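As a plain string of letters, each chain reads:
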Amino acid sequence: MYKPRIHVTVEPLEYYRRFLKENCRPDGRELGEFRTTTVNIGSISTADGSALVKLGNTTVICGVKAEFAVPPKDAPDKGYVVPNVDLPPLCSSRFRSGPPGEEAQVASQFIADVIENSQIIQKEDLCISSGKLAWVLYCDLICLDYDGNILDACTFALLAALKNVQLPEVCINEETALAEVNLKKKSYLNIRTHPVATSFAVFDDTLLMVDPTGEEEHLATGALTVVMDEEGRLCCLHKPGGSGLTGAKLQDCMSRAVTRHKEVKKLMDEVIKSMKPK
Amino acid sequence: MAGLELLSDQGYRVDGRRAGELRKIQARMGVFAQADGSAYIEQGNTKALAVVYGPHEIRGSRSRALPDRALVNCQYSSATFSTGERKRRPHGDRKSCEMGLQLRQTFEAAILTQLHPRSQIDIYVQVLQADGGTYAACVNAATLAVLDAGIPMRDFVCACSAGFVDGTALADLSHVEEAAGGPQLALALLPASGQIALLEMDARLHEDHLECVLEAAAQAARDVHTLLDRVVRQHVHEASILLGD
């Protein structure tokens, strides 16, 4: 008698191949289908902006805190955006406690690249007084439940949290040269682009599936992440080794990424609209 | 803070509660798929979640394995955005280590560790938003998570904080009340037997007042127990419906 639970433990690859032959996956999705995405914005009141994103079971929370800093000497008109991705042992038994592991550091660097390349925020907007005072936005992303596709979830959480950030008005007092913060007057950040990440897993060197779960990532022979913004511009392409892909396959991925961007943008606009106006 | 009355003449606190009143508690079990047991709790504005893995084989050095009982490993982490001022180190600093140790001591008293020799139970607690009473919220969340994981315990572990202002004992302190600098008591109780798992107190308190503060904390912990019990029963009820029983 065929026992799926035993088959998946003993020969996971064979188990997956049986589904892929029918062009679907064990959780019932098609190869190009994303898991249910939900987003919750502004739940953490101690943070200046926050968002919780669930991509199937993968849960990532992003909290943004704004502080003052002196702008860098070589760019006195610019502020800072400092992202950090934390994959704590609570999200999955594969992670140990201690200093950030390889995966967390790669994810942090990926998010930093996305921020830099997509120009989601103009760093000049964060400057309060040239050469003296600027905002630094610390974006901390914590993964609470790891079930694959962490990069997509982190990018989405970051975008949603940044859209939720409200910075108070700051003016420099001419006489005392001290900053005066007016907490009553807050304004949203100027978000210039909306980068959305779409991740793919390559299976058996040929098949591409979108939004891999933890199990699928483990069995995959390669991975690819494409970050698009709303004008169909490519912000970032991340292909860390693994099986090779032809140009045609890459084009397919990019068109899927464009569709995903529309889905995500629609979801986020709905959520922001549904929030009570302040 | 000058002019901030922690307890008004009519007996109302800063957030409008009475002296012995708890903040609104909302809790859910089984929130995460990866973990063996998980729970999320909101006590007023304090949001904490607890995740339990285990019992499983000891990670790292086998020499740490105890031949007659399970090893309980607790880790406390407070998100950098959880407090008003950004926290530089979410975990690994002294306060987090101390909290982790206190949580471990609390749960070693409650979990029936003799049933799982040579294994390890991991309890991870993450505070997403801190507004006072973080230890209590962590213990309550961890209790629910351990229950969700199906690990046998002697009893619920319910915790609450208490303070003393103007001759009155206050239960379930918020951040404003904690920061005011008065005496603070954190109590973890096993409600059925009335036994205290952990008791910690900061600042000076006259011994005459200890009785009433302790009683306020114990009563608050028993109220928390009523709530947590309801949450567990609701969760089991929902689970049994899903199983089609």
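Residues numbered from 1 in each chain as written. Chains lettered and ligands numbered in written order. Predicted model: local features only at pLDDT ≥ 70, side-chain atom pairs only at ≥ 80, totals over all residues. Heavy atoms only, no water.

Q: Tell me what's going on with the overall build of chain B, and back it up with residues and numbers.
A: Broken down by element type, chain B carries four helices and nine strands. Expected size for 245 residues packed as a compact globule is a radius of gyration near 18 Å; at 18 Å, chain B falls within 12% of this value. Overall size of chain B, expressed as C-alpha extent along the three principal axes, is 55 × 45 × 35 Å. A total of 245 residues make up chain B; the buried ones form 51% of that total. Considering only contacts within chain B whose residues lie at least 6 apart along the sequence, 67% involve residues at least 24 apart. Working note: accessible area of chain B is about 11600 Å², and carbon and sulfur atoms make up 49% of it. (Helix = DSSP H or I, 4+ residues; strand = E, 2+ residues; numbered from the N terminus. Rg over C-alpha atoms; globule rule 2.2 N^0.38 Å. Buried < 20%, exposed > 50% of the residue type's maximum accessible area, 1.4 Å probe, protein only. Contact = heavy atoms within 4.5 Å. Areas by Shrake-Rupley, 256 points an atom, 1.4 Å probe, with all protein chains shown as cover.)

Q: Give me the lowdown on the overall build of chain A, citing residues and values where you can.
A: The secondary structure content of chain A amounts to six helices and twelve strands. A compact globule built from 278 residues should have a C-alpha radius of gyration of about 19 Å, and chain A, at 21 Å, falls within 12% of that. C-alpha extents for chain A along the principal axes are approximately 85 × 40 × 40 Å. Within chain A, residue pairs in contact and separated by at least 24 positions form 66% of the contacts whose partners lie at least 6 positions apart. Between the averaged position of the 32 positive side-chain charges in chain A and that of its 38 negative side-chain charges there is a distance of 4 Å. (Lys, Arg positive; Asp, Glu negative; His and termini not counted. Charge placed at Lys NZ, Arg CZ, Asp CG, Glu CD.)

Q: So what about the packing of aromatic side chains? Which residues, and what values?
A: All names here are of chain A. Overall, the coordinates contain six aromatic pairs over all chains when judged by the stated rule. Judged by centre distance (6.3 Å) and plane angle (80°), the ring pair of Tyr15 and Tyr16 falls under edge-to-face. The buried category is assigned to Tyr16, whose relative accessible area is 5%. Geometrically, the ring pair formed by Phe95 and Tyr146 is edge-to-face, given 5.3 Å between the ring centres and 80° between the ring planes. Of this pair, Phe95 sits in the loop between strand S4 (80-86) and helix H3 (102-118) while Tyr146 sits in the loop between strand S6 (133-145) and helix H4 (150-164); the two residues are 51 residues apart in sequence, bridging distant segments of the chain. A residue is classified by how much of its surface remains accessible, and Tyr146, at 2% relative accessible area, is buried. Counting every residue linked through ring pairs, the aromatic cluster contains Tyr15, Tyr16, Phe19 and Phe203. Stacked on the ring of Phe34, the Lys or Arg Arg260 has its end atom at 3.6 Å from the ring centre. (Phe/Tyr/Trp six-rings, centres within 6.5 Å; stacked < 30°, edge-to-face > 60°. Lys NZ or Arg CZ within 6 Å of the ring centre and 35° of its normal.)

Q: Describe the sheet that holds strand S9 (residues 196-203) of chain A, naming the residues involved and giving the relevant values.
A: Residue and element names in this part refer to chain A. In spatial order, the strands read S10-S9-S11-S12; together these four strands make up an open sheet with antiparallel pairing. Each edge of the open sheet is held by one strand with a lone partner, namely strand S10 (207-210) and strand S12 (234-238). Sheet twist, expressed as the mean angle between neighbouring strand axes with direction ignored, is 20°. Judged from the seven bridges that link them, S9 and strand S11 (residues 222-228) form a sheet pairing that is antiparallel. Note that in S11 the partner of Val202 across the bridge is Gly222. On the sheet, H4 packs against S9, S11 and S12 and is oriented at approximately 175° with respect to S9. (Pairing = 2+ DSSP bridges. Axes fitted to C-alpha atoms, helices over the stretch in contact; angles between N-to-C directions.)

Q: I'd like a description of the UniProt feature "domain: Exoribonuclease phosphorolytic" (unreviewed entry) in chain A, backed by residues and values.
A: All names here are of chain A. Per the UniProt record, the feature "domain: Exoribonuclease phosphorolytic" (unreviewed entry) sits at residues 33-168 and 195-258. Between the C-alpha atoms that bound residues 33-168 there is a distance of 41 Å. The span itself is 24% helix and 37% strand. Summarising residues 195-258: 28% helix, 38% strand, and an end-to-end C-alpha distance of 11 Å. (UniProt positions renumbered as here; feature names shortened; annotations may be inferred.)

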